[in-house]
Amino acid sequence: MFHNQKILPAVRSMKDFDKMLKTSFEYGVILNVHINMLESLVDYANRSGKKMFLHADLISGLKTDEAGTEYLCQKIKPYGIISTKGSVVMAAKQKGVVATQRAFILDSSALERSIKIISKTDPDYIEVLPGVVPKVIKMVIEKTGKPVFAGGLIDTAEEVEAALAAGASAITTSNYELWQIYDEK
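Residues numbered from 1 in each chain as written. Predicted model: local features only at pLDDT ≥ 70, side-chain atom pairs only at ≥ 80, totals over all residues. Heavy atoms only, no water.

Novice: Explain helix 3 (residues 66–76) here, please?
Specialist: Since the α-helix packs 3.6 residues into each turn, any two residues three or four apart lie on the same face. Gly68, Thr69, Leu72, Cys73 and Ile76 are the residues of helix 3 that are buried. Viewed along the axis of helix 3, the buried residues span an arc of 130°, placing them on a single side of the element. What points out from helix 3, more than 90 degrees from its buried face, is the exposed set Glu66 and Ala67. If you follow the buried residues of helix 3, they end up packed against helix 2 (35–47), strand 4 (51–55), strand 5 (59–60), strand 6 (80–83) and helix 4 (86–94). Capping the start of helix 3, Asp65 holds a side-chain oxygen 3.2 Å from the backbone nitrogen of Ala67, two or three residues further along. (Buried < 20%, exposed > 50% of the residue type's maximum accessible area, 1.4 Å probe, protein only. Helix = DSSP H or I, 4+ residues; strand = E, 2+ residues; numbered from the N terminus. Arc of directions from axis to C-beta. Contact = heavy atoms within 4.5 Å. Polar contact = N/O pair within 3.5 Å; in protein donor to acceptor, adjacent residues only side chain to side chain.)

Novice: In this structure, what is going on with the pattern of salt bridges? I would like to understand it.
Specialist: Pairs may arise between side chains of opposite charge once their charged atoms sit close together. What the rule picks out here adds up to nine salt bridges. With a shortest N-O distance of 4.0 Å, Asp65 and Lys63 are connected by a salt bridge. Accessibility expressed as a relative area gives 63% for Lys63, which makes it exposed. Among the salt bridges present, the one from Lys146 reaches Asp122, with a minimum N-O distance of 2.4 Å. (Salt bridge = Lys/Arg side-chain N within 4 Å of Asp/Glu carboxyl O.)

Novice: Would you mind going over a nonpolar patch on the surface with me for this structure?
Specialist: Taken together, the side chains of Val132, Val133 and Leu153 define a hydrophobic patch exposed on the protein surface, amounting to about 230 Å² of accessible area. For Val133, the position within the fold is in the loop between strand 8 (125–129) and helix 6 (134–144). (Patch = residues over 30% accessible without salt bridge, like charges linked within 9 Å, V, L, I, M, F, W, Y side chains within 5 Å. Areas by Shrake-Rupley, 256 points an atom, 1.4 Å probe, with all protein chains shown as cover.)

Structure below.
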């Protein structure tokens, strides 16, 4: 488990953000957000004892390149950054921010390409999507030796447990019902 959390709540809206703050989860993910709201959201989360990953690719108004990553790391100061872009992952690592490489594994070619990218970026974590394929989770862990988050299309507690049994460290999900099931409050 990731710091004793099976679930990393993924926040898509202010309503989700408010719900997440009321949970016992220490770590979460901010998805769709406008750059103007980012600093205050992360600051508020920090003051509430929450450590947030930012999905850099989904921040409206931010160019996801090295300069954008530098801005996030130095000005916003999140716990971690998630991106599909290797340059963003490497820049985050250089700035001392926990870096997660997001990989869409749709077929064996995508798996091979993702493994090559991961070997170059050396992320702290890998987020595998879709997360409902335990076989793929096991393969990514075996081939990279990196901890994996599973995300995408996970809708039930049974799917959460299958991904965890396959070796996932945690599940990223915006599904509030799953948050409630796994919240320890």
